[in-house]
Amino acid sequence: LLAGDTPQLFSASPRELQDDPSRILSAIHAGDHKRVLSVLLRAVRRICPVALRFSADGVRGPRHIAMQAWPSVDASREQRWTGYWMDVSDADTRAQAILRALMDEARAKSDGRNTA
């Protein structure tokens, strides 16, 4: 079961992603693809939770995504996943702006300039 505004994250509806889960992987940016697959494969083998961040292409362009997921195995040895994805693009942009401002302030202080 997939729900939510998946087009914003992966440029595909929940139904499209259920019909073809590989669309999720194809939306993930090339620079993150290998790392995401590696973490997921490790979680599958160890049946351990996953927490990671990556970039993917949504309908509004590149998005930063936080993922939390928990694999489990039922009595018939079928593996299932429970979890969520969250668009953290705006929060990441704000955090980067704050970090830049703090770094600029620190540079100004080290140069002897007053930033008040």
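Note that this is a predicted model, so its numbers are computed, not measured.

S.K.: Help me get a handle on the sheet that holds strand 1 (residues 50-58), residues and values and all.
M.R.: By definition, the strands of a sheet pair up through backbone hydrogen bonds, in either a parallel or an antiparallel sense. In spatial order, the strands read 1-2-3; together these 3 strands make up an open sheet with antiparallel pairing. The open sheet has two edge strands, strand 1 and strand 3 (79-87), and neither has a second partner. Across this sheet, the average inter-strand angle for adjacent strands is 30 degrees, counted without regard to direction. Examined bridge by bridge, strand 2 (residues 61-73) and strand 3 share 9 bridges and lie antiparallel to one another. Following the sheet pairing, V73 is matched in strand 3 by Q79. Contacting strand 1, strand 2 and strand 3, helix 5 (residues 89-110) runs over the sheet at an angle of about 120 degrees to strand 2.

S.K.: Which residues make up helix 5, and what are the values?
M.R.: If you check helix 5, its first and last C-alpha atoms are 31 Å apart, about what 22 residues at 1.5 Å a residue would give, namely 32 Å. Close packing links the buried residues of helix 5 with strand 1, strand 2 and strand 3. Of the residues one or two after helix 5, G112 is the one with positive phi, at around 85 degrees.

S.K.: Explain the pattern of salt bridges to me, and be specific about the residues and the numbers.
M.R.: For side chains of opposite charge, pairing can occur when their charged atoms come near one another. Taken as a whole and assessed by the stated rule, the structure comprises 9 salt bridges. A salt bridge links R35 to D32; the shortest N-O distance between them is 3.2 Å. In this pair, R35 and D32 are both assigned in helix 4 (residues 30-46), 3 residues apart and thus about one turn of the helix distant. Look at R35 and you get partly exposed, because its relative accessible area is 36%.

S.K.: Before we move on, can you summarise the pairing of strand 1 with the specific residues and values?
M.R.: In terms of strand pairing, strand 1 meets strand 2 through 9 bridges, oriented antiparallel. Across the sheet, the residue bridging to D57 is P62, located in strand 2. Hairpin connection from strand 1 to strand 2: 2 residues lie between these consecutive antiparallel strands.

S.K.: Tell me what's going on with the environment of R77, and back it up with residues and numbers.
M.R.: Assignment of secondary structure puts R77 in the loop between strand 2 and strand 3. The exposed category is assigned to R77, whose relative accessible area is 66%. Taking the C-alpha atoms as reference, R77 lies 60 Å from K109; in sequence the two are 32 residues apart.

Here is what the cut-offs are and how they apply
Residues numbered from 1 in each chain as written. Predicted model: local features only at pLDDT ≥ 70, side-chain atom pairs only at ≥ 80, totals over all residues. Heavy atoms only, no water. Pairing = 2+ DSSP bridges. Helix = DSSP H or I, 4+ residues; strand = E, 2+ residues; numbered from the N terminus. Axes fitted to C-alpha atoms, helices over the stretch in contact; angles between N-to-C directions. Contact = heavy atoms within 4.5 Å. Expected span 1.5 Å × (residues − 1). Salt bridge = Lys/Arg side-chain N within 4 Å of Asp/Glu carboxyl O. Buried < 20%, exposed > 50% of the residue type's maximum accessible area, 1.4 Å probe, protein only.

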